[in-house]
Amino acid sequence: MAVPGPGYAITARVEVPSSASAAGDLTMAVGRVGGVVTAFDVVEAATATLVVDISCNALNEAHAQEITAALEGLPGVHVRKVSDRTFLLHLGGKIEVTSKVGLRNRDDLSRAYTPGVARICQAIAANPADARRLTIKRNTVAVVTDGSAVLGLGNLGAAAAMPVMEGKAALFKRFAGVDAWPVCLDTQDTEEIIRTVQILAPAYGGINLEDIAAPRCFEIEARLRELLDIPVFHDDQHGTAVVVLGALRNALRVVDKKLTDCKVVVCGVGAAGSAIIRLLQSGLRREDPAGDVLAVDIDGIVHADRPGLDDNLASIASMTNRSGATGSLADALVGADVFIGVSAPNLFGADELATMAPDAVVFALANPDPEVDPAVALQHAAVVATGRSDYPNQINNVLAFPGVFRGLLDAQARDITDAMLLAASAAIADVVTEPNASFIVPSVFDASVAPAVAEAVRAATAKKDVAPV
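Definitions and limits used
Position labels on residues start from 1 in each chain and follow its written sequence. Local features in this predicted model are restricted to residues of pLDDT 70 or higher, and side-chain atom pairs are both shown and tallied only at a pLDDT of 80 or more, whereas totals for entire chains, interfaces and linings draw on every residue. Only hydrogens and water are removed before side-chain values are computed, so all heavy atoms of the structure are retained for them. Two rings from Phe, Tyr or Trp (for Trp, the six-membered ring) form a pair when their centres sit within 6.5 Å of each other. Planes less than 30 degrees apart are called stacked, planes more than 60 degrees apart edge-to-face, and all others tilted. Under the scheme applied here, a residue whose accessible area is under 20% of the maximum for its type counts as buried, over 50% as exposed, and between as partly exposed, the area being computed with a 1.4 Å probe on protein chains only. One side-chain nitrogen of Lys or Arg within 4 Å of one carboxyl oxygen of Asp or Glu is enough to make a salt bridge. The predictor attaches a confidence to each residue, and that confidence, scored 0 to 100, is pLDDT. The contact rule is simple, with two residues in contact once any of their heavy atoms fall within 4.5 Å. Comment: elements are numbered from the N terminus, with helices defined as DSSP H or I runs of at least four residues and strands as E runs of at least two. Strand pairing is assigned whenever DSSP detects at least two bridges linking the two strands. In a helix, the anticipated span is given by 1.5 Å times the number of residues less one. What the bend at a residue measures is the angle between two axes, fitted to the seven residues ending there and to the seven starting there.

(A) Structural view of the packing of aromatic side chains. A full pass over the atoms with the stated rule returns 5 aromatic pairs. Ring centres of Phe 339 and Phe 348 lie 4.9 Å apart, and the angle between their planes is 75°; this geometry places the pair in the edge-to-face category. Among the residues examined, Phe 348 registers a relative accessible area of 10% and is labelled buried. Members of the aromatic cluster, joined through ring pairs, are Phe 172, Phe 233, Phe 401 and Phe 405.

Okay, structure coming up:
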């Protein structure tokens with residue numbers, strides 16, 4: 001199912017005997033063990049030997065080592081060095097601060113710093129709202145994490161979360177021109193996190209919570225929204241939900257079904273799954289109270305009478321499963337029109353898929369391995385989406401959060417509502433004017449996405465017709 005990709009790319013510097021077959025021998029060796037050669041460069045040439053850099057995509061670290069061993073195993077070949085291209089990209093970090101103003105002479109310094117800057121400080125002290133106009137606050141977001149749920153890898157801690165937060169900041173800048181900065185907190189105490197973000201907030205126009213484990217993330221977000229006068233957005237929840245709902249709108253257009261008529265199964269009731277369910281239900285309520293959603297976790301279908309429900313699951317039970325269904329994931333899938341998985345790999349297969357409704361939609365979003373093999377799902381479902389870049393219909397948060405924050409910052413919004421999130425999801429869907437089974441969401445590199453999302457959020461901010469989520 002998995003294919004070699006750039007996330008595990010290596011470049012091997014190899015010394016080989018000089019011959020007409022050298023390039024072919026190296027390429028074939030990589031291919032025999034399943035690697036993909038992406039570049040071949042001669043570095044040195046002598047009468048008896050060549051030194052070449054051969055770049056390859058691998059499946060994982062073990063596969064990269066297997067490729068290296070295959071090269072080393074060729075007669076007369078010596079691998080001098082192997083560089084991991086992902087690690088090379090991260091050397092020294094991925095972001096930096098640059099000045100927007102020139103400091104070329106004494107006059108520039110006097111205006112940007114002392115004594116002139118004192119006048120700006122006094123103006124803000126007299127009117128704190130001017131901070132949005134006269135400082136970076138108007139375009140700056142804090143990307144806050146405690147490192148407790150890093151990319152599905154688990155509780156790696158604040159330092160290990162930094163590469164992800166740097167990447168997030170780079171994406172903010174690349175896709176929406178938003179200046180974002182990692183704030184990695186060396187605490188996983190709910191009260192400490194809330195208080196820390198509260199006292200940091202004056203410097204920022206918005207807070208993007210990231211990779212904070214459920215259920216703690218729910219309380220942190222809710223409390224910060226009460227305390228702060230800037231938007232607080234947990235991307236693992238709402239960013240995922242926005243893109244999923246946008247993709248689902250188009251998938252249902254492809255199969256000619258209405259969301260309000262569908263049985264939807266959401267597998268995984270953590271941060272992402274809970275937010276998807278809440279936004280689905282919000283969207284349903286705004287149209288017609290039809291359709292049904294079944295939430296499924298490791299203990300099976302969530303229902304009000306199931307013992308041991310925590311506050312989040314009890315809340316989910318109260319808004320889903322009107323029929324009172326019980327049982328396993330397999331039971332939930334019977335007759336389902338839509339499956340949305342944000343849970344764990346390889347949970348079901350062809351037998352369960354066959355029990356779903358005709359023209360089913362399957363979003364298997366667990367990474368790196370989906371809940372069901374996409375190749376198998378495509379044999380049974382009409383539309384299939386994953387979180388992976390090597391299959392069509394990648395559900396990627398990058399489609400949502402840059403544009404959402406661009407709109408929030410431009411509107412100087414103080415909170416986030418369901419109306420804004422639903423507007424963002426509709427904007428993502430509408431970028432795809434003619435969806436088909438292999439194209440229900442735009443590319444993350446489609447330059448029209450972030451502006452469309454930002455405009456939709458700005459318009460919804462002006463209306464504010466729904467209570468904050």
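We are not done yet, so read on.
(B) Main features of the pattern of salt bridges. Under the counting rule described, the total for this entry stands at 21 salt bridges. Between Arg 104 and Asp 108 there is a salt bridge whose closest N-O contact spans 3.2 Å. By relative accessible area, which is 71% here, Arg 104 ends up exposed. Arg 133 is the salt-bridge partner of Asp 130, the closest N and O atoms lying 3.6 Å from each other. Residues joined in a network through salt bridges with shared partners are Arg 406, Asp 410, Glu 455 and Arg 458.

(C) Main features of the confidence of the model for the chain. Residues with a pLDDT of 70 or more make up 97% of the chain, whose mean pLDDT is 93. Confidence drops under a pLDDT of 50 for residues 465–469, and excluding neighbours within four residues, the segment shows 17 contacts in the predicted structure.

(D) Seen up close, the pairing of strand 9 (residues 263–267). Of all the 5 residues making up strand 9, 4 are buried; the element is thus mostly covered by neighbouring parts of the structure. Relative to strand 12 (residues 338–341), strand 9 runs parallel, the two sharing 4 bridges. Bridge assignment links Val 265 to a residue of strand 12, and that residue is Phe 339.

(E) Quick peek at helix 7 (residues 158–176). With 19 residues, helix 7 extends 26 Å between its outermost C-alpha atoms, agreeing within 8% with the 27 Å of an ideal straight helix rising 1.5 Å per residue. At Val 164, helix 7 is bent by approximately 30°, the largest bend along its length. Of all the residues in helix 7, the buried ones are Ala 158, Ala 161, Val 164, Met 165, Glu 166, Gly 167, Lys 168, Ala 169, Phe 172, Phe 175 and Ala 176. Summarising the contacts, the buried residues of helix 7 are in contact with strand 5 (140–145), strand 6 (179–184), strand 7 (206–209), helix 10 (235–255), helix 16 (401–410) and helix 18 (449–463). Looking one or two places after helix 7, you find Gly 177, whose phi comes out positive at around 65°.

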